[in-house]
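Results of the structural survey
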Amino acid sequence: MSARNNLYIAAAILLLVALGIFLKPSAPSPTVSTVPAERSRPVNRAPKPASDPRHAKDFGAFVKHSTQSGFPKLTRQEIDDYLQARSRSASALLAAFRLSNDDAFLREAREKFPHDTQVLLASIGRVGDPAKRLEFLESLKHSDPENGIVDALSARAFFDLGKNDEALAALSQSAGKPIRDYTVLSCQNDEEAYLAAGFPPLQAKMTALFQSTKPLVIQMRNLVDGMKKQREIAGLAGDDAAVQSSRDLQLQLAGEVQQGGFMVDSLVASVLESKVLKEIDTPEARARIEEMALQKNSMVEASKRVTALMETSAVPENDWLLYFDRAKIFGEKAANDWLLEKHPEL
């Protein structure tokens, strides 16, 4: 992925990366090793290079530098210092895992905090075997029973195993439950890690949000194929009630995902909903599909405008601080609308 695409992710906070993922087949997640946590690798104590974008004179310069060279990464020393300051808590270990992509931190978190909800969710994202994922999900049902993402991901695992009836039962249990993947809390912990490493507050907020990829919500998109095949089987058997029930479940899930607030949530919800609408193929369904397409185009256009503004000094840095806080609290669309309404002349 190019640095320019990375910048769009930072501005839309996941919008364009989601679009990119939707255009290609999903790859299986890497499998988590069950061996004990490894000792930390030798610390890199080399000084930060002069080209490190965190040394940019202002936010616009930081963004321009990141456009060309990519967003800065924390050194192992900076991560270790952050972990020590946070007493290697569950949230700190998960931040270290996300910022380094080193499974050793995730293994340590699982060993020390085996029942922590966020640790279990992070573990699911690294497991390719659906049967193994179901083991983690069963533990999650006890630690976070009212989280609809547990049931939805269980359904996906059952579909992967060819157990359609169990998958539909899991989806039925998700009805009315919010979809929680704790993205905002993860962003906050990552931001604190960047601040501890000496990033200016604005750069820390932006870079932390750039790291947020919402992999579990994106996985829910893959429910579409399993549910479509199940409806085809039910249709061939003449079970119209089962077909309608499956469609209702998928539409209900789309509505729950939409409440997540991030643009990736909106895009996944759109995929879930549009697939059912295309099957129905009524004038009302086609009108709704067209409405969703217009909404997506509007989000993309607003994100591009915000991205362009980031490279200039036209918007005060205090407004950018508010923008990223609003993105975390209210979602990217609301944050983009607020910024563009506040600066209509730009």
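Now for a quick tour of the structure. The structure presented is a predicted model; accordingly, all values stated were derived computationally and were not measured.

**A closer look at empty space enclosed by the protein**
Evaluated as defined, the whole model comprises one cavity of 30 Å³ or more. For the largest cavity, the calculated volume is near 30 Å³. Lining of the largest cavity is provided by Leu171, Ser174, Ala175, Leu249, Gln252, Leu253 and Glu256. Top contributing element to the lining of the largest cavity by residue count: helix α15 (residues 240-258), with four residues.

**Examining unusual backbone geometry**
Its identity as a non-glycine residue notwithstanding, Asn101 has a phi of 60°, on the positive side. Turning to its location among the elements, Asn101 is positioned in the loop between α5 (90-100) and α6 (103-112). Here Asp281, not a glycine, exhibits a phi torsion of approximately 55°, which is positive. Relative to the assigned elements, Asp281 resides in the loop between α16 (263-280) and α17 (283-310). With a relative accessible area of 46%, Asp281 lands in the partly exposed category.

**Brief notes about the nonpolar core**
Proteins that are soluble and globular tend to have nonpolar side chains buried together. Within the largest apolar cluster, 37 residues are counted, with the highest numbers of intra-cluster contacts made by Ile149, Met220, Leu223, Leu253 and Val257. Where this core is concerned, the elements lending two or more residues are α7 (117-124), α8 (130-143), α9 (148-160), α10 (164-173), α13 (215-219), α14 (223-236), α15 and α16. For this core, the element with the most residues is α9, which contributes eight residues. Apart from the residues lying within four places of it in its own chain, the contact partners of Leu223 are Ala152, Ala155, Arg156, Phe159, Leu171 and Leu253.

**Some thoughts on the pattern of salt bridges**
Any two side chains of opposite charge can pair, so long as their charged atoms come close to each other. Applying the stated rule across the entire model yields 25 salt bridges. Where Arg86 meets Glu192, a salt bridge forms, and the shortest distance between an N and an O atom there is 3.2 Å. Residue Arg86 is located in the loop between α4 (76-85) and α5, and its partner Glu192 is located in helix α11 (residues 183-196); the two are separated by 106 residues in the primary sequence. Lys333 is the salt-bridge partner of Asp337, the closest N and O atoms lying 2.9 Å from each other. With Asp337 and Lys333 both in helix α19 (residues 332-342) and four residues apart, this pair spans about one turn of that helix. Residue classification places Lys333 among the partly exposed positions, given a relative accessible area of 46%.

**Here we look at a positive patch on the surface**
A cluster of like positive charges, contributed by Lys228, Lys275, Lys278 and Lys296, occupies part of the molecular surface. Along the chain, Lys275 falls in helix α16.

**Some thoughts on the packing of α10 against α14**
Following both chains from N to C, one finds α10 and α14 inclined at 115°, their axes separated by 11 Å at the closest point. α10 and α14 meet at a crossing whose hand is left-handed. On the side of α10, the interface is formed by Asn164, Leu168 and Leu171, while α14 contributes Leu223, Met227, Gln230 and Ile233. Looking at the contact of α10 with α14 residue by residue, the class counts come to five nonpolar, two polar and no charged.

Cut-off values and rules
- Residues numbered from 1 in each chain as written.
- Predicted model: local features only at pLDDT ≥ 70, side-chain atom pairs only at ≥ 80, totals over all residues.
- Heavy atoms only, no water.
- 1 Å grid on protein atoms, 1.4 Å probe; cavity = no way out; pocket = protein on both sides within 12 Å on 5 of 7 lines; lining within 4 Å.
- Points joined across faces, edges and corners; volume = space filled by probe spheres on them.
- Helix = DSSP H or I, 4+ residues; strand = E, 2+ residues; numbered from the N terminus.
- Buried < 20%, exposed > 50% of the residue type's maximum accessible area, 1.4 Å probe, protein only.
- Core = buried A, V, L, I, M, F, W, Y, C linked by side-chain atoms within 4.5 Å.
- Contact = heavy atoms within 4.5 Å.
- Salt bridge = Lys/Arg side-chain N within 4 Å of Asp/Glu carboxyl O.
- Patch = residues over 30% accessible without salt bridge, like charges linked within 9 Å, V, L, I, M, F, W, Y side chains within 5 Å.
- Areas by Shrake-Rupley, 256 points an atom, 1.4 Å probe, with all protein chains shown as cover.
- Lys, Arg positive; Asp, Glu negative; His and termini not counted.
- Charge placed at Lys NZ, Arg CZ, Asp CG, Glu CD.
- Axes fitted to C-alpha atoms, helices over the stretch in contact; angles between N-to-C directions.
- Left-handed = near helix turned anticlockwise from the far one by under 90°.
- Nonpolar A, V, L, I, M, F, W, Y, C, P; charged D, E, K, R; others polar.

Fair warning: the whole summary comes from geometry, so function is off the table for now.
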